Amino acid sequence: MATETNGAEEGGLVFHPMDQFEVQPFFGDGAVAWYTITNSTFWMALAVLATFVILVLGSSKRSIIPTRMQSVAELAYGFVYKMVEDICGKEGLKYFPYIMTLFMFIVCANFLGLIPTAFTPTSHFAVTVVMAMAVFLTVTILGFVKNGTAFLGLFWVASAPLALRPILAIIELISYFVRPVSHSIRLAGNVMAGHAVIKVFAGFAAITIISPVSVVAITAMYGLEVLVSFIQAYVFTILTCVYLKDALHPGH
Amino acid sequence: MATETQSDGLADAIGVDLAEHASTPGMPQLDFSTWGNQIFWLILALIATYFILSRVALPRIGAVLAERQGTITNDIAAAEDLKAKAVEAEAAYDKALVDARAEAQNIVAQAKADIQADLDVAISKADAEIAVKAAESEKAISDIRASAVENVKVVAKDTAKEIIAAMGGKADAKTVTAAVTARMKG
Amino acid sequence: MEGELAHIGAGLAAIGSGAAAIGVGNVAGNFLSGALRNPSAAAGQTATLFIGIAFAEALGIFAFLVALLLMFAV
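Since the model is a prediction, treat every value here as computed from it, not as a measurement.

Asks: Explain empty space enclosed by the protein here, please?
Replies: The method is simple in principle: a probe with the dimensions of a water molecule rolls over the atoms, and the space it marks as empty is what remains. All names here are of chain A. Counted by the stated rule, this structure contains one cavity of 30 Å³ or more. In this structure, the largest cavity spans a volume of roughly 50 Å³. If you go around the largest cavity, the residues you meet are Ala132, Val135, Phe136, Val139, Tyr176, Arg179, Pro180, His183 and Tyr243.

Below, the structure is given as structure tokens:
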């Protein structure tokens, strides 16, 4: 996975699978300070813009018989709305805008990242960790605010035999604190791995005999990546809903 | 990833590479110097998205969906109304048809009864006339017959007297009359 | 030498990804066999399917994390 350079003089195989993830200043060169506009910033802004175009411009006509863009907006709305309602119940609908925000941002960033030479903000742990930690903290605080100490019942599995409960409590506690880790690394890892694999196949294209196979492999991987982009956004959202359900109804 | 041609130069290559990226680890994701930047812009992007969604997009789409649901419900209700009206109209039409048919039958029956009555009157009148005429005729016939019988009697008496006189006998008028009357009866 | 051992360790940790793949395949395969027996109930359970896949995959992610740590943090 490391950035490997073999030099052009030795068969021309050059692998830079991780270079595409480098965060660089968008204007000019130099160090990346916290306020610098980087390529990551640019593609995040495009994701916000895409969300705006799909959901706001798409629905601007408010027509009863929807246009194509409005259908897309309504489809996205209905998809997330139904997910929240099915998993969290009616009380969860209060948090629907938060979940919709996460879903739209991830899905737009993922799909925009599939454009060749694009940068994918969601392939960075910095981005996904912040989102996962936000979900984790929200759920934990919300759980204690809504249920008080009854929220700790989440770790005390009442349906298990009494002797097993302390052990289960430890396991539940560990799995609870591991949630943001798996939640964030799943998204970034999937997106990063897919993009890196495509880059590796692209590196093989330098060999003339292999290049057709390489092109076919890139095409296939790209198709898979389109699927993964959506599914990972879906999984991130649905796990957010599941965690939120724990905060709203801590009983097992 | 590595091919056989690479194996020799690999260590060097990595060494060179690491030297090039001395400031950053191999994975850009683990370069913590850029985390602050990304987190800052991410939070900004998420807040922007949140406000776009919660202030504009979601209420609007929700309203459109609710409105469409309302329109569909109304349309279905209107369709139900129209269907009920159509059924009503059909029932009314059927009723009118039945009424009309009944009336027509009534009129036909009435007309038939009237005609029958007229006919009966006419027949009875004709019968009466015929009866009168028949009686008259009968009377005329009986008169004729009576006068004929009288005439026969007279002729027979006269003839009988004449025959008797011609035969030389003396005709007693009373005897002849009695004889003729007796014969006429027989 | 230590760095090379860490690379070998990272490669070994990557086996965990394969184990997670088996787990995910189990979840998906059992879902499919259940869905083919009772297709009408399948549509309502896709969310459960994805949650199950996510949980199975979470443990593979730890293997991936260990590999990353060995590669870049040790």
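Asks: Any chance you could explain the packing of aromatic side chains here in plain terms?
Replies: Given two aromatic rings, their pairing is described by the distance between the two centres and the angle made by the two planes. Residues and elements named next belong to chain A. Taken as a whole and judged by the stated rule, the model has 25 aromatic pairs over all chains. Seen in terms of ring centroids, phenylalanine 42 and tryptophan 43 are 5.4 Å apart; in terms of plane orientation they differ by 80°. Their pairing is edge-to-face. On the accessibility criterion, phenylalanine 42 (30% relative accessible area) is partly exposed. Under the relative-accessibility criterion, tryptophan 43 is labelled buried at 13%. Relative to tyrosine 234, the ring of phenylalanine 230 lies with its centre 6.4 Å away and its plane at 5°, an arrangement referred to as stacked. Pair noted here: phenylalanine 230 and tyrosine 234 are both in helix H6 (residues 211–248), with a separation of four residues, about one helical turn. On the accessibility criterion, tyrosine 234 (10% relative accessible area) is buried. Among the aromatic residues, those joined into a cluster by ring pairs are Phe136, Phe144, Phe151, Phe155, Tyr176 and Phe177.

Asks: Would you take a moment to explain the state of the cysteines for this structure?
Replies: Every disulfide links exactly two cysteines, by a covalent bond between their sulfur atoms. All names here are of chain A. Applying the stated criterion across every chain yields a total of zero disulfides over all chains. Free cysteine: cysteine 108, not disulfide-bonded; nearest cysteine sulfur from cysteine 241 at 17 Å. With no disulfide of its own, cysteine 241 lies 4.6 Å from the sulfur of cysteine 88, the closest cysteine sulfur.

Cut-offs and rules
- Residues numbered from 1 in each chain as written.
- Chains lettered and ligands numbered in written order.
- Predicted model: local features only at pLDDT ≥ 70, side-chain atom pairs only at ≥ 80, totals over all residues.
- Heavy atoms only, no water.
- 1 Å grid on protein atoms, 1.4 Å probe; cavity = no way out; pocket = protein on both sides within 12 Å on 5 of 7 lines; lining within 4 Å.
- Points joined across faces, edges and corners; volume = space filled by probe spheres on them.
- Phe/Tyr/Trp six-rings, centres within 6.5 Å; stacked < 30°, edge-to-face > 60°.
- Buried < 20%, exposed > 50% of the residue type's maximum accessible area, 1.4 Å probe, protein only.
- Helix = DSSP H or I, 4+ residues; strand = E, 2+ residues; numbered from the N terminus.
- Disulfide = S-S within 2.5 Å.

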